[in-house]
Amino acid sequence: MTANIRYKSRIPVKTEDSTEEKQYVGFATLPNQVHRKSVKKGFDFTLMVAGESGMGKSTLVNSLFLTDLYKDRKLLNAEERINQTVEIIKHTVDIEEKGVKLKLTIVDTPGFGDAVNNNECWKPITDYIDQQFEQYFRDESGLNRKNIQDNRVHCCLYFIPPFGHGLRPVDVEFMKALHEKVNIIPLIAKADCLTPNEIKKLKDRIREEIDKFGIKVYQFPECDSDEDEEFKQLDKELKECTPFAVIGSNTVVEARGQRVRGRLYPWGIVEVENQSHCDFVKLRNMLIRSHMHDLKDVTCDVHYENYRAQCIQEMTSKLAQDNRMESPIPILPLSTPDVETEKLIKMKDEELKRMQEMLNKMQQQMHEKDQ
Amino acid sequence: MSSHGHGGSQSSGGGSTLLGYIGIDTIIEQMRKKTMKTGFDFNIMVVGHSGLGKSTLVNTLFKSQVSRKSAGWARDEKIPKTVDIKSVSHVIEEGGVKMKLTIVDTPGFGDQINNDNCWEPISKHINEQYEKFLKEEVNITRKKRIPDTRVHCCLYFISPTGHSLRQLDVEFMKRLSHSVNIIPVIAKSDTMTVEEKQEFKQRVRKELEMNGIEFYPQKEFDDDMEDKSDNDKIREAMPFAVVGSDKEYQVNGKRVLGRKTAWGIVEVENPNHCEFAQLRDFLIRSHLQDLKEVTHNIHYETYRARRLNENGGLHPICDTQDSNL
């Protein structure tokens with residue numbers, strides 16, 4: 001099964017011809033050198049899923065990454081859910097494919113939107129995202145930056161129920177609370193209960209409302225002008241297809257002589273990876289095969305930088321009484337000074353003491369000389 | 001949270017079984033596209049006294065006229081009293097990869113009668129680039145891609161005396177090997193025979209070891225066994241004895257870069273004649289990215305840590321504070 005994605009290799013073909021060798025300096029191998037290091041280190045990606053219970057979030061995640069992250073899960077009944085607050089649960093899984101290692105972290109948000117009163121039910125989620133930014137900010141400003149762990153959330157899949165007529169108030173409020181902190185990708189969940197017409201109407205409606213309420217969902221970057229037509233066409237289709245209407249499945253069924261992931265109904269079989277049945281393939285290709293790196297970049301370059309700028313502004317306004325009007329280095333009070341910093345601090349203290357002693361000695365000597 | 005039928009008991013394990021291709025390996029291609037778009041920079045400094053063929057070697061390495069050869073001092077031109085720092089940038093392209101190459105030349109180094117402290121302007125320049133980068137990093141609104149003017153590699157040219165390192169060589173490398181990647185090369189090595197070259201190299205290596213000079217690739221930064229074995233081979237072959245040339249001659253029906261003498265043609269890219277090809281492969285084809293990474297992750301971080309510890313904050317560098325560098 002091949003997803004039709006264009007990736008014409010731009011690696012120059014090295015011919016053994018000696019005239020080729022003459023012109024060839026060799027730094028065209030730079031991208032390979034860069035990637036060799038990255039491949040060795042491996043990649044990481046943090047994906048958050050949010051939406052009410054029963055929207056098929058876990059199933060979709062399992063279908064996307066062909067894993068089974070939710071094996072021993074106990075589903076709560078309604079009573080147990082009444083007093084449940086929104087939790088943040090992380091699952092981490094290491095996936096390797098063709099020598100490339102990915103450390104995938106799924107941040108789950110059980111309890112979201114499940115209570116009777118859902119006021120500010122997104123607060124634990126925004127707090128979590130901010131905490132990750134803060135952690136990264138501290139690490140980045142610290143002394144020992146060798147092994148910074150990047151736990152920032154790169155993407156948030158938000159599941160919109162298919163049963164309504166568009167966005168509900170909680171959907172709007174949630175997305176507005178998060179759109180400047182994380183890349184939001186809205187999805188229409190359980191799309192197999194809608195006909196193609198209904199899906200189209202719902203998508204149009206949702207797109208309208210996203211515009212109307214000024215929600216900034218993740219935008220796909222523009223195509224380069226030098227991309228081939230095929231890619232541009234695919235890209236256009238992708239953009240017109242949002243929000244993606246998805247279906248997930250943990251089960252394998254037999255359809256058209258093949259074993260596929262799907263859902264078996266009396267009236268037919270829904271195939272998860274069939275593009276005419278749902279947008280799962282588009283979502284997967286976009287998320288993993290073409291835009292994973294861009295999602296991370298936008299998180300680092302836009303969302304994190306916004307957070308950082310805000311943080312510094314707040315600190316600067318507090319320090320406005322000091323005469324340090326130049327952009328001060330944010331000296332964040334280290335919560336747990338690590339061993340290295342402790343050592344450095346000790347060293348400096350000792351040095352200061354020694355210098356002080358020397359000064360005292362010198363002063364004494366001068367004093368004696370005078371007498 | 002699905003509540004359809006089967007409680008997830010029949011799912012495939014984590015990986016590539018049935019219908020199992022997720023497509024994670026394509027992230028490499030995504031990264032490649034991105035880096036090709038943004039392009040690369042590389043800053044190389046050349047140090048050594050006049051006439052050792054520095055510019056010629058750089059031009060030979062990058063197969064373009066990126067460094068202007070000095071024709072020696074014109075009679076009415078004064079020899080500069082101090083070491084000058086001259087940076088020249090070019091954008092060169094190969095195989096769709098664009099590289100902004102900056103050559104930092106240091107005319108005047110080692111040319112005076114009294115060469116005391118002639119390494120100071122160089123050290124100052126290197127630290128100024130670190131300072132520039134640091135200032136950008138702590139800014140409130142940061143550029144997406146901070147312009148990188150830090151010196152990634154310093155080629156130090158050793159005079160092919162055949163005896164040993166000069167005092168100036170040792171002093172320079174001792175002081176600067178902790179703030180920049182130094183790659184020593186034996187210049188104009190076509191003045192030595194094969195045996196003389198081997199002996200000289202060994203003596204030079206011993207002297208470097210005796211003086212505790214860690215040239216690139218430094219042993220302490222080898223990541224893993226694979227790196228260590230690759231780098232060990234390179235360290236044993238260093239310093240590379242090179243010859244540079246931008247003139248072409250016909251040898252055995254091929255056009256080669258070389259130097260023509262009455263007794264034969266020295267072929268620059270012939271591994272039997274000199275080690276230019278080895279240097280080039282090492283510098284450009286395999287360790288270019290690593291040079292940048294060691295500069296960024298180690299030398300720059302050392303500088304940064306030191307600055308952060310001083311006075312608990314950032315103050316602009318002024319000459320009086322330029323103490324123990």
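Rules of the game
Along each chain, residues carry numbers from 1 onward, in the same order as the chain's sequence is written. Ligands are numbered from 1 and chains lettered from A, in the order in which they are written. Confidence filtering applies because this is a predicted model: local features only for residues at pLDDT of at least 70, side-chain atom pairs given and counted only at 80 or more, and all residues used for totals across whole chains, interfaces and linings. Side-chain measures were taken over the full set of non-hydrogen atoms in the model, leaving aside hydrogen atoms and water. Helix and strand assignments come from DSSP, with helices taken as H or I runs of at least 4 residues and strands as E runs of at least 2, each series counted from the N terminus. Whether a residue is buried, partly exposed or exposed follows from its accessible area with a 1.4 Å probe, protein chains only, as a fraction of its type maximum: under 20%, in between, or over 50%, in that order. Here a residue-residue contact requires only that any non-hydrogen atoms of the pair lie within 4.5 Å. Under the convention used here, a 1.4 Å probe and the Shrake-Rupley method define accessible areas, while residue burial counts only the protein chains that appear. Only Phe, Tyr and Trp rings take part, Trp by its six-membered ring, and two of them pair if their centres are within 6.5 Å. Stacked means planes under 30 degrees apart, edge-to-face means over 60, and tilted covers everything else. Remark: a charge is flagged as sitting over a ring if the NZ atom of Lys or the CZ atom of Arg is within 6 Å of the ring centre and within 35 degrees of the ring normal. Any two strands with at least two DSSP bridges between them are considered paired. Convention adopted: a line fitted to C-alpha atoms gives each axis, helices being fitted over their contacting stretch, and angles between N-to-C directions are expressed from 0 to 180 degrees. Joining through side-chain atoms within 4.5 Å is the link that ties buried Ala, Val, Leu, Ile, Met, Phe, Trp, Tyr and Cys residues into a set, and such a set is a nonpolar core. UniProt positions are given in the numbering used here, feature names are shortened, and annotations may be inferred rather than shown by experiment. For classification, angles of less than 35 degrees are called roughly parallel, those exceeding 145 degrees roughly antiparallel, those between 65 and 115 degrees roughly perpendicular, and all remaining angles oblique. Any residue outside Ala, Val, Leu, Ile, Met, Phe, Trp, Tyr, Cys, Pro, Asp, Glu, Lys and Arg is labelled polar, Gly included; the first ten of those are nonpolar and the last four are charged. Between N or O atoms, a polar contact is any pair within 3.5 Å; within protein, one atom must be a potential hydrogen donor and the other a potential acceptor, and residues adjacent in sequence are included only when both atoms are from side chains. Our working definition of a disulfide is a cysteine sulfur pair at a distance within 2.5 Å. We define a salt bridge as a side-chain nitrogen of Lys or Arg found within 4 Å of a carboxyl oxygen belonging to Asp or Glu. Assignment of crossover handedness uses the view with strands pointing away from the viewer, where a clockwise path from the first strand over the helix to the second indicates a right-handed crossover.

1. Notes on the overall build of chain A
Part 1: Per the secondary structure count, chain A includes 11 helices and 9 strands.
Part 2: Sorting the 371 residues of chain A into buried and exposed places 47% on the buried side.
Part 3: Within chain A, counting contacts between residues at least 6 apart in sequence, those at least 24 apart form 69% of the total.
Part 4: Surface exposure of chain A reaches about 20,600 Å², of which carbon and sulfur atoms provide 51%.

2. Observations regarding the overall build of chain B
Part 1: Tallying secondary structure elements over chain B gives 8 helices and 9 strands in all.
Part 2: Relative to its full complement of 325 residues, chain B shows a buried share of 53%.
Part 3: Long-range pairs, those at least 24 residues apart, make up 69% of the contacts in chain B between residues at least 6 apart in sequence.
Part 4: Within the structure as shown, chain B displays about 15,800 Å² of accessible surface, and the carbon and sulfur contribution to it stands at 50%.

3. Section: the side chain of Gln132 of chain A
Part 1: By the element assignment, Gln132 of chain A lies in helix H5 (residues 123-141).
Part 2: Not counting residues up to four positions away in its chain, the partners in contact with Gln132 of chain A are Asn151 and Arg152 of chain A.

4. With respect to helix H4 (residues 167-176) of chain B
Part 1: Taken together, the buried positions of H4 of chain B are Leu168, Asp169, Val170, Phe172, Met173 and Leu176 of chain B.
Part 2: Contacts from the buried residues of H4 of chain B go to strand S1 (40-47), helix H3 (120-137), strand S4 (153-158), strand S5 (182-186) and helix H5 (194-210) of chain B.

5. Description of the packing of aromatic side chains
By convention here, two paired aromatic rings are described through the distance between centres and the angle between planes.
Part 1: In this structure the tally under the stated criterion is 16 aromatic pairs over all chains.
Part 2: Ring geometry for Tyr218 of chain A versus Phe220 of chain A: centroids 5.7 Å apart, planes at 85°, classification edge-to-face. With respect to burial, Tyr218 of chain A and Phe220 of chain A carry one shared label: buried.
Part 3: Seen in terms of ring centroids, Phe109 of chain B and Tyr156 of chain B are 6.1 Å apart; in terms of plane orientation they differ by 90°. Their pairing is edge-to-face. Of this pair, Phe109 of chain B sits in the loop between strand S3 (97-105) and H3 while Tyr156 of chain B is found in strand S4, placing the two residues 47 residues apart along the sequence. Side by side, Phe109 of chain B and Tyr156 of chain B carry an identical accessibility label, which is buried.
Part 4: Site record: aromatic cluster; members linked through ring pairs are Phe133, Tyr136, Tyr304 and Tyr307 of chain A.
Part 5: Taking the ring centre of Tyr136 of chain A as reference, the NZ or CZ of Arg152 of chain A above it sits at 3.6 Å.
Part 6: Over the ring of Tyr304 of chain A we find Arg152 of chain A, and its NZ or CZ is 4.7 Å from the ring centre.

6. Comments concerning the sheet that holds strand S8 (residues 258-265) of chain A
Residues and elements named next belong to chain A.
Part 1: Within the open sheet, the 3 strands sit side by side as S7-S8-S9. Their pairing is antiparallel. Looking along the sheet, the strands with just one partner apiece sit at the ends: strand S7 (252-255) and strand S9 (268-271). Sheet twist, expressed as the average angle between the axes of neighbouring strands with direction ignored, equals 70°.

7. Some remarks on the nonpolar core
Part 1: Judged by nonpolar contacts, the single largest core of 86 residues is most densely connected at Phe65, Leu157 and Phe174 of chain A.
Part 2: The dominant element in this core, judged by the number of residues it contributes, is helix H10 (residues 292-318) of chain A, at 7 residues.
Part 3: Excluding its chain neighbours within four sequence positions, the residues that come into contact with Leu157 of chain A are Leu47, Met48, Val49, Ala50, Leu60, Leu64, Ile185, Leu187 and Leu283 of chain A.
Part 4: Formed by 83 residues, the second largest nonpolar core is a distinct cluster that contains Leu155, Leu168, Phe215 and Phe276 of chain B.

8. Let's talk about the UniProt feature "site: Important for dimerization" (unreviewed entry) in chain A
All names here are of chain A.
Part 1: Within the UniProt annotation, "site: Important for dimerization" (unreviewed entry) is assigned to Phe163.
Part 2: Note on placement: Phe163 falls in the loop between strand S4 (155-160) and helix H6 (169-178).
Part 3: Setting aside residues up to four positions removed in sequence, Phe163 forms contacts with Met55 and Cys193.

9. With respect to the packing of H3 of chain B against helix H8 (residues 288-309) of chain B
Residues and elements named next belong to chain B.
Part 1: Axis separation between H3 and H8 bottoms out at 10 Å; the angle between their running directions is 80°. Comparing their axes, H8 and H3 come out roughly perpendicular. Along the contact surface, H3 presents Asn127, Tyr130, Glu131, Phe133, Leu134 and Glu137, while H8 presents Thr295, His296, His299, Tyr300, Tyr303, Arg304, Arg306 and Arg307.
Part 2: Split by residue class, the contact of H3 with H8 holds 5 nonpolar, 4 polar and 5 charged.

10. Observations regarding the packing of H10 of chain A against helix H1 (residues 26-38) of chain B
Part 1: Running from N to C, H10 of chain A and H1 of chain B point in directions that differ by 55°, and their axes come no closer than 8 Å. Relative to H1 of chain B, the element H10 of chain A lies oblique. When H10 of chain A is examined against H1 of chain B, the residues Met292, His293 and Asp297 of chain A are found in contact with a partner set consisting of Ile27, Gln30, Met31 and Lys34 of chain B.
Part 2: Grouping the constituent residues of the contact of H10 of chain A with H1 of chain B by class yields 3 nonpolar, 2 polar and 2 charged.

11. Thoughts on the environment of His152 of chain B
Residue and element names in this part refer to chain B.
Part 1: One can find His152 in the loop between H3 and S4.
Part 2: For His152 and Leu288, which are 136 residues apart along the polypeptide, the C-alpha to C-alpha distance reads 8.9 Å.
Part 3: Leave out the neighbours within four places in its chain, and His152 touches Asp41, Phe42, Asn43, Asn181, Leu291, Lys292 and Thr295.
Part 4: For His152, the side chain forms a polar contact with the side chain of Asp148, separated by 3.1 Å.

12. Notes on the sheet that holds S3 of chain B
Strand pairing within a sheet occurs via backbone hydrogen bonds; the two strands may be parallel or antiparallel.
Residue and element names in this part refer to chain B.
Part 1: If you trace the 6 strands from one edge of the open sheet to the other, you get S2-S3-S1-S4-S5-S6, paired in mixed fashion. The outermost strands of the open sheet, each flanked by one partner alone, are strand S2 (86-94) and strand S6 (240-241).
Part 2: Of the strand pairs in this sheet, S5 and S6 are connected by 2 bridges, and their pairing is parallel. Across the sheet, residue Ile186 finds its bridge partner in S6, namely Ala241.

13. As for the side chain of Glu52 of chain A
All names here are of chain A.
Part 1: Inspection of the secondary structure puts Glu52 in the loop between strand S1 (43-50) and helix H3 (57-65).
Part 2: By relative accessible area, which is 19% here, Glu52 ends up buried.
Part 3: Leave out the neighbours within four places in its chain, and Glu52 touches Lys57, Phe112, Gly113, Asp114 and Arg168.

14. Focus on the state of the cysteines
Residue and element names in this part refer to chain A.
Part 1: If you walk through the whole model with that rule in mind, you get 0 disulfides over all chains.
Part 2: Looking at Cys121, it has no disulfide partner, and the nearest cysteine sulfur is the one in Cys156, 12 Å off.
Part 3: You can call Cys121 buried: its relative accessible area is 7%.
Part 4: Here Cys300 stays unpaired: no disulfide links it, and the sulfur of Cys155, its closest cysteine neighbor, is 14 Å away.
Part 5: Judged by relative accessible area, Cys300 falls into the partly exposed class, the value being 24%.

15. Some points on the pattern of salt bridges
Residue and element names in this part refer to chain B.
Part 1: Per the counting criterion, the structure on display carries 42 salt bridges over all chains.
Part 2: The residue Arg145 makes a salt bridge to Asp41 at a minimum N-O spacing of 2.8 Å. On the criterion of sequence distance, the pair formed by Arg145 in the loop between H3 and S4 and Asp41 in strand S1 is long-range, its members being 104 residues apart.
Part 3: Taking relative accessible area as the criterion, Arg145 reaches 47% and is therefore assigned partly exposed.
Part 4: Its salt-bridge partner being Arg150, residue Asp148 comes within 2.8 Å of it at the nearest N-O pair.

16. Brief notes about the pairing of S5 of chain B
Residue and element names in this part refer to chain B.
Part 1: The buried fraction of S5 is high, at 5 of 5 residues.
Part 2: In terms of strand pairing, S4 meets S5 through 5 bridges, oriented parallel. When the sheet's bridge partners are listed, Cys154 is paired in S5 with Ile182.
Part 3: In the classification by handedness, the crossover that spans S4, the intervening H4 and the parallel S5 is right-handed.

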